[in-house]
Amino acid sequence: MTIPPEAVILLSSPPTAFVREEITSLQTQIINPWTSDNPETIIASAASRVRAIINCSSRVNIDTDYMNRFPNLALISNHGVGYDNIDAVEAARRGIIVTNTPDVLTEDVADLAMALLLATVRLIPQADQFVRQERWLKAPFPLSGSLQGRTMGIVGLGRIGHALAFRAKAFGLHITYHGRHRQAKVDYSYHPDLLTMAKDCDTLMVTAPATDATRHMINESILKALGPAGVIINVSRGSLIDQDALISALSSGTIFAAGLDVYEDEPNVPKALIDLDNTVLLPHIGSATLPTRKAMARLVVDNVEAWLSGHSPLTPVPECLGL
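None of the values given here were measured: they were computed from a predicted structure.

Calculation notes
Residues numbered from 1 in each chain as written. Predicted model: local features only at pLDDT ≥ 70, side-chain atom pairs only at ≥ 80, totals over all residues. Heavy atoms only, no water. Buried < 20%, exposed > 50% of the residue type's maximum accessible area, 1.4 Å probe, protein only. Helix = DSSP H or I, 4+ residues; strand = E, 2+ residues; numbered from the N terminus. Pairing = 2+ DSSP bridges. Right-handed = clockwise from strand over helix to strand, strands pointing away. Expected span 1.5 Å × (residues − 1). Contact = heavy atoms within 4.5 Å. Core = buried A, V, L, I, M, F, W, Y, C linked by side-chain atoms within 4.5 Å.

Novice: I keep staring at the pairing of strand β7 (residues 174–178) and nothing clicks. Help me out?
Specialist: On a regular strand, each side chain points to the face opposite its neighbour's, so the side chains alternate between the two faces of the sheet. Burial of β7 is extensive: four of the five residues sit out of reach of the surface. In this sheet, β7 lies alongside strand β6 (residues 151–155) in parallel orientation, the contact comprising five bridges. Paired with Gly-153 across the bridge in β7 is Thr-176. Taken together, β6, helix α7 (residues 159–170) and β7 constitute a β-α-β crossover, and its handedness is right-handed. Relative to strand β8 (residues 189–191), β7 is paired through three bridges, and the arrangement is parallel.

In structure tokens, the structure reads:
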């Protein structure tokens with residue numbers, strides 16, 4: 001693979017501070033249209049010269065129409081492990097390599113998932129407000145739930161799922177998982193059917209990727225099976241949960257509580273979720289630590305540098321393996 005020295009790289013969205021810092025090492029022209037009042041004009045004027053795109057936003061929909069704008073596009077380097085906003089199948093069909101940033105964010109996302117579980121079950125945000133509002137002066141704080149004796153069902157035992165299971169085991173939780181296939185050398189109990197797993201556990205951890213097949217996989221039936229002690233935590237993508245069904249289940253007491261870092265239409269969080277007192281809501285910060293975001297930015301640029309050097313990018317997504 002030979003890349004021409006005049007290869008132009010486009011930033012498809014405003015870059016993070018770390019990406020801005022890391023791209024200074026790239027020995028080629030970089031177009032950042034987001035410093036202009038009219039970025040679309042700049043993008044249009046450079047479209048035929050763009051060979052690579054660095055994408056830092058899950059809100060940029062890189063579909064067929066988007067790719068059609070760049071006839072010489074060969075690489076999309078995505079900042080993030082999730083890439084459901086990129087039509088990787090179509091990209092692969094066109095010979096365009098899509099890369100993401102796996103592994104470097106696994107530990108921080110798993111940490112946050114456990115923090116969400118603890119905060120949700122032990123009512124930590126509510127207890128914090130109880131003290132700040134000086135209500136403790138008048139009465140003791142109500143008793144909370146407990147992690148002890150819980151069974152955690154992990155939906156998607158990938159990198160983050162494994163890291164999460166390691167942490168949950170240390171807390172004494174029983175672990176079970178659901179996925180497309182039973183995994184070799186994994187001693188956690190496996191459920192090929194999600195509904196069956198939901199009936200057998202009281203804690204659902206959602207760490208599966210967002211695909212057409214996983215959209216709204218957590219629906220009314222799954223939530224009902226989870227039961228009135230049930231807690232659901234989502235650090236994956238909002239599309240995996242039927243948000244209306246979740247709001248209904250939380251409002252009616254069908255399940256106990258939910259801890260969410262992701263939503264169906266970010267950053268628009270339904271007021272119905274916000275108004276509930278049995279939710280813990282975070283602004284999609286699973287990987288939002290200084291070390292992880294720096295490592296993600298470096299991997300984004302490492303993928304581009306490998307491609308510019310005529311080598312295969314380091315972390316192509318599965319759809320693009322072998323390109």
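Let us keep going from here.
Novice: Is there a simple way to explain α7 in this structure?
Specialist: Under the 1.5 Å per step criterion, the end-to-end length of α7 is 17 Å for 12 residues, consistent within 8% with the ideal 16 Å. Those residues of α7 that sit buried are Ile-160, Gly-161, Ala-163, Leu-164, Ala-165, Arg-167 and Ala-168. In this structure, the buried residues of α7 make contact with α5 (106–121), β6, β7 and β9 (203–206). One or two positions beyond α7, positive phi appears at Gly-172, with a value near 90 degrees.

Novice: I tried to follow the nonpolar core on my own but got confused; where do I start?
Specialist: The nonpolar side chains of a soluble globular protein tend to be buried, and buried together. Core analysis: the largest hydrophobic core is formed by 41 residues, its most contacted members being Leu-10, Val-50, Ile-54, Phe-70 and Leu-73. Every element with two or more residues in this core is listed here: β1 (8–11), α2 (39–46), β3 (50–55), α3 (64–68), β4 (75–78), α4 (88–93), β5 (97–99) and α12 (290–308). Among the elements that make up this core, the one with the highest residue count is α12 (five residues). For Val-50, the residues in contact, after removing those within four places along its chain, are Val-8, Leu-10, Phe-70, Asn-72 and Leu-73.

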